[in-house]
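# An overview of the molecular structure
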Amino acid sequence: MTDYRVADVMTRQVIYLPAETTLDEAARVMKEADIGDVVVTDGANLAGVLTDRDIVVRAVAENADAASITIGSITTREVVMIEQFCTAGEAASLMRERGIRRVLVCDNERKLVGIVSLGDLAMQLDPTSVLSEISEQSPTV
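Right, let's walk through the structure included here. Owing to the predicted nature of the structure, the values given are computational and were not obtained by experimental measurement. (Residues numbered from 1 in each chain as written. Predicted model: local features only at pLDDT ≥ 70, side-chain atom pairs only at ≥ 80, totals over all residues. Heavy atoms only, no water.)

## A word on the pattern of salt bridges
The cut-off we apply is this: One speaks of a salt bridge when a side-chain nitrogen belonging to Lys or Arg is within 4 Å of a carboxyl oxygen belonging to Asp or Glu. The numbering of helices and of strands both runs from the N terminus, where a helix is a DSSP run of H or I of at least 4 residues and a strand a run of E of at least 2. Between buried and exposed lies partly exposed: a residue is buried under 20% and exposed over 50% of the maximum accessible area for its type, with that area taken using a 1.4 Å probe on protein chains only.
Inspection of the entire model under this criterion finds five salt bridges. Among the ionic pairs, Arg102 bridges to Asp52, the shortest N-O distance being 3.4 Å. Linking Arg102 in strand S5 (residues 102-106) with Asp52 in helix H3 (residues 52-59), this pair joins segments that are 50 residues apart in sequence. Given a relative accessible area of 15%, Arg102 falls into the buried group.

Take a look at the structure:
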């Protein structure tokens, strides 16, 4: 696992949405792009990450009105980043330590260059695993 770098397995497609975006619009964007997360911005600043799980757990389960609630009100504010040249093993350890499934990837100047998910790691490192099969069928898991 440690031979691969985060840059080798990360998803380079990063979609940014402003915190004022409604939940239904964010869900539509995620569905159309076939992704499980978007980066939430507050002006020029990174405000957090919204995941498909956030939508289900924080909004749907609480019967939030998807047409009026903003993603800024439910986004995960803790931003966890890893440098793109760290190993895939380091990314997996970070996810395990923090109990998260996705980590933002930055360059050496802390500029966002991608996102690495547990599914990305599984697909690259063990394509025959059950997790890889699930990730391949549904990339937003």
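## Notes on the environment of Gly48
Where we set the bar: Contacts are residue-level and defined by heavy atoms, with any inter-residue pair within 4.5 Å sufficient.
With respect to the secondary-structure elements, Gly48 resides in strand S3 (residues 45-51). Spatially, the C-alpha atom of Gly48 lies 9.1 Å from that of Val80, the residues being 32 residues apart in sequence. Residues in contact with Gly48, not counting those within four places in the same chain, are Val38, Val39, Val40, Thr75, Thr76, Arg77 and Val79.

## As for the sheet that holds strand S6 (residues 112-117)
Using the following cut-off: A pair of strands is considered paired only if DSSP assigns at least 2 bridges between the two. Whenever a helix is involved, its axis is fitted only over the stretch in contact; in every case the axis is a line through C-alpha atoms, and angles between N-to-C directions fall within 0 to 180 degrees.
Strands sit in the order S4-S5-S6 across an open sheet of three strands; the sheet is mixed. Since the sheet does not close on itself, it has two edges, and those belong to strand S4 (81-83) and S6, each with one partner. Across this sheet, the average inter-strand angle for adjacent strands is 35°, counted without regard to direction. Note that S5 and S6 share five bridges and pair antiparallel. Within the sheet, the bridge partner assigned to Val105 lies in S6 and is Gly114. Together, S4, S5 and S6 form the strand contacts of helix H4 (residues 88-98), whose direction differs from that of S4 by roughly 165°.

## As for the nonpolar core
Within soluble globular proteins, side chains that are nonpolar generally end up buried alongside one another. What counts, and what does not: Nonpolar cores are built from buried Ala, Val, Leu, Ile, Met, Phe, Trp, Tyr and Cys residues. Side-chain atoms within 4.5 Å join them into one set.
Membership of the largest hydrophobic core comes to 17 residues, with the highest contact counts inside it found for Leu17, Leu23, Val38, Leu50 and Ile71. The dominant element in this core, judged by the number of residues it contributes, is helix H2 (residues 23-33), at four residues. Non-local contacts of Val38, meaning those with residues more than four positions away in its chain, are made with Ile15, Leu17, Met30, Gly48, Val49 and Leu50. Grouped together as the second largest cluster of nonpolar side chains are 14 residues, Ala92, Leu94, Val105 and Leu121 included.

## Some points on unusual backbone geometry
Backbone geometry at Asp34 places phi at a positive 55°, although glycine is not the residue there. Mapped onto the fold, Asp34 is located in the loop between H2 and strand S2 (37-42). If you check the backbone angles, Arg110 has positive phi at about 65° while not being a glycine. Among the structural elements, Arg110 can be located in the loop between S5 and S6. The class of Arg110 is exposed, set by a relative accessible area of 56%.

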